Amino acid sequence: MKGLILCAGKGTRLQPFTNIKPKGLLPVANKPLIHYGIEKLVELGIDEIGIVIRPNLHPMFMDEVGAGERWNVNITYIFQINPLGISDAVKHAEPFMNNEPFILLLGDNLITQDLHGLCHAITHDNHDAAILLRKVMNPKQFGIAQVNKDRIIGLEEKPSEPKSDLAVLGSYAFKPSIFKAVNAISPSARGEYEITDAIQWLIHQQYSVSYQTTDKNFSDVGTMEGWLEANRWMLKQLEEEGLLKTPSESEYPGTTIIPPVCIDPSAELINCVIGPYVTIGPNVRLESCILENSILLEYAILNPNHYPMTNSIISPQSVFVQKDGGSGK
């Protein structure tokens, strides 16, 4: 199988951060979001990965992802000039797939479920497509699947009256028949070629669409709230797995660390209280900060004079210094 990750969206709900870099390169626990997706594909033994991006983003992706050397895979960049939906992005990837089955991931989704079940549904159980599903409390905000035994029998995108609580999480496996579907559908009311419409076309044409369910953590990092949520549970998970080192207070004299936190070694902390659920990026300088549940991007400088900050995302190179009786900048 091959892998495909979609990163051509404009990320309008995450502006101004996505004016600086695309969603797929935004960090969660100080690692670009797309790195997690690549690692999921590597777990499956996939070594040929296509990444769909807008052409102007190519230099950024080469800087932060490259051609796949660090994962021992080959990455091919596929250009989508005008993002017109997931199915349109899949169309652009057809030459790269070369009639092979593939795993599709959305570059702004963060999941923890391993994807062997999706892969097995295609390679061993002879289904034409397989989708990752999870029960959710707010099904009106998701694509929702109706299932019967081991098959999906219907999909709806953000239905006003959901027929189930099984949400589509943005991880898929497909045989090449999906290309017939994406070329057969019309744009939706919002002018995009929806992947739910393509999968529904497969169902109508009697193709077999299976699924895997999960109860593990996931986040759609498409909003500020989703980004903070993903950072929060990823820090907690890394701490539980013993993969997150909590800095000792001797490393930052006068500073109290409340785990879980992720602090880049190049950051400077003076007389702060940090945590829980705080990620501090490269070359950040903090003095007299009280921070909780926040993300600070590279080269930010803060000295809010002990004014507590929570649920915050601080832009790269931001400067905020507040003197007694003064205002910040």
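Residues numbered from 1 in each chain as written. Predicted model: local features only at pLDDT ≥ 70, side-chain atom pairs only at ≥ 80, totals over all residues. Heavy atoms only, no water.

(A) Broad picture of the packing of aromatic side chains. If you walk through the whole model with that rule in mind, you get seven aromatic pairs. Ring geometry for Y172 and F174: centres 5.8 Å apart, planes at 15°, overall stacked. You'll find Y172 and F174 in the same group, each marked buried. Three or more aromatic residues joined by ring pairs make a cluster, and in this case those are F102, Y172, F174 and F179. In this structure, K2 is placed above the aromatic ring of F96, and the distance from its NZ or CZ to the ring centre is 4.6 Å. (Phe/Tyr/Trp six-rings, centres within 6.5 Å; stacked < 30°, edge-to-face > 60°. Buried < 20%, exposed > 50% of the residue type's maximum accessible area, 1.4 Å probe, protein only. Lys NZ or Arg CZ within 6 Å of the ring centre and 35° of its normal.)

(B) Local environment of the sheet that holds strand β20 (residues 290–292). Pairing within the open sheet is parallel, and its four strands lie in the order β14-β17-β20-β23. Two strands close off the open sheet at either side, each with one partner strand: β14 (256–257) and β23 (308–310). Taken together, the three bridges between β20 and β23 define a ladder with parallel strand orientation. Looking across to β23, one finds that I290 is bridged to P308. (Pairing = 2+ DSSP bridges. Helix = DSSP H or I, 4+ residues; strand = E, 2+ residues; numbered from the N terminus.)

(C) Structural view of empty space enclosed by the protein. Considering all chains together, one arrives at one cavity of 30 Å³ or more under this definition. Roughly 100 Å³ of internal volume is contained in the largest cavity. Lining the largest cavity are 14 residues, and of these Y36, G37, L105, L106 and N109 sit closest to its centre. When residues of the lining of the largest cavity are traced back to their parent elements, those giving at least two are α2 (33–43), β6 (102–106), β7 (109–111) and β11 (166–174). Top element by residues in the lining of the largest cavity is α2. It accounts for five residues. Of the residues that constitute the lining of the largest cavity, the class distribution is eight nonpolar, five polar and one charged. (1 Å grid on protein atoms, 1.4 Å probe; cavity = no way out; pocket = protein on both sides within 12 Å on 5 of 7 lines; lining within 4 Å. Points joined across faces, edges and corners; volume = space filled by probe spheres on them. Nonpolar A, V, L, I, M, F, W, Y, C, P; charged D, E, K, R; others polar.)

(D) Geometry of the sheet that holds strand β25 (residues 319–321). Across the sheet, which stays open at both edges, the four strands sit in the order β16-β19-β22-β25 with parallel pairing between neighbours. Looking at the sheet topology across the chains shown, the edges are occupied by β16 (268–270) and β25. Mean inter-strand twist for the sheet, computed between neighbouring axes without regard to direction, equals 5°. Pairing of strand β19 (residues 285–287) with strand β22 (residues 301–303) involves two bridges; the strand directions are parallel. When the bridges of β22 are listed, R285 appears paired with I301. (Axes fitted to C-alpha atoms, helices over the stretch in contact; angles between N-to-C directions.)

(E) Quick peek at the layout of surface pockets. By volume, the largest pocket is sized at about 1500 Å³. Along its surface, the largest pocket is lined by 46 residues, and R13, K23, L106, D108 and D220 are the ones closest to its centre. Taken together, the elements giving at least two residues each to the lining of the largest pocket come down to α4 (86–92), β11, α8 (195–204), β13 (218–220) and α9 (224–240). The element best represented in the lining of the largest pocket is β11, accounting for four residues.

(F) Just the side chain of K175, in detail. By the element assignment, K175 lies in the loop between β11 and α7 (178–184). Despite its burial, K175 pairs with no opposite charge, the nearest such side chain being D128 at 4.7 Å. Excluding anything up to four places from it in sequence, K175 contacts P101, I122, N126, H127 and D128. (Lys, Arg positive; Asp, Glu negative; His and termini not counted. Salt bridge = Lys/Arg side-chain N within 4 Å of Asp/Glu carboxyl O. Contact = heavy atoms within 4.5 Å.)

(G) Spatial organisation of the environment of Q322. In this structure, Q322 sits in the segment after β25. In the structure, Q322 is positioned 18 residues away from P304 in sequence and 4.8 Å away in space, judged by C-alpha atoms.

(H) Structural view of the pairing of strand β8 (residues 129–135). The buried fraction of β8 is high, at five of seven residues. Where β8 lies against β11, six bridges are found, and the strand directions are antiparallel. Directly across from A129, in β11, lies its bridge partner F174. Two strands pair when backbone bridges link them, and β8 and strand β12 (residues 209–213) are joined in this way by five bridges, in the parallel orientation. Its bridge partner lying in β12, L133 is registered against T213.

(I) A look at helix α6 (residues 116–123). Buried within α6 are the following residues: L118, C119, A121 and I122. What you see down the axis of α6 is that its buried residues fit within an arc of 160°, all on one side. Looking at the packing, one finds that the buried side of α6 touches β6, β8, β11 and β12. (Arc of directions from axis to C-beta.)

(J) Spotlight on the confidence of the model for the protein chain. Per-residue pLDDT for the protein chain averages 93, and the proportion of residues at 70 or more is 98%. Across residues 325–329 the pLDDT falls below 50, and counting only partners more than four positions away or on other chains, this stretch makes eight contacts in the model. (pLDDT = per-residue confidence, 0-100.)

(K) A look at the environment of I153. You can see I153 is positioned in strand β10 (residues 151–157). In this structure the C-alpha to C-alpha distance between I153 and H204, which are 51 residues apart in sequence, comes to 8.9 Å. Setting aside residues no more than four positions away along its own chain, I153 makes contact with Q146, V147, N148, Q200 and I203.

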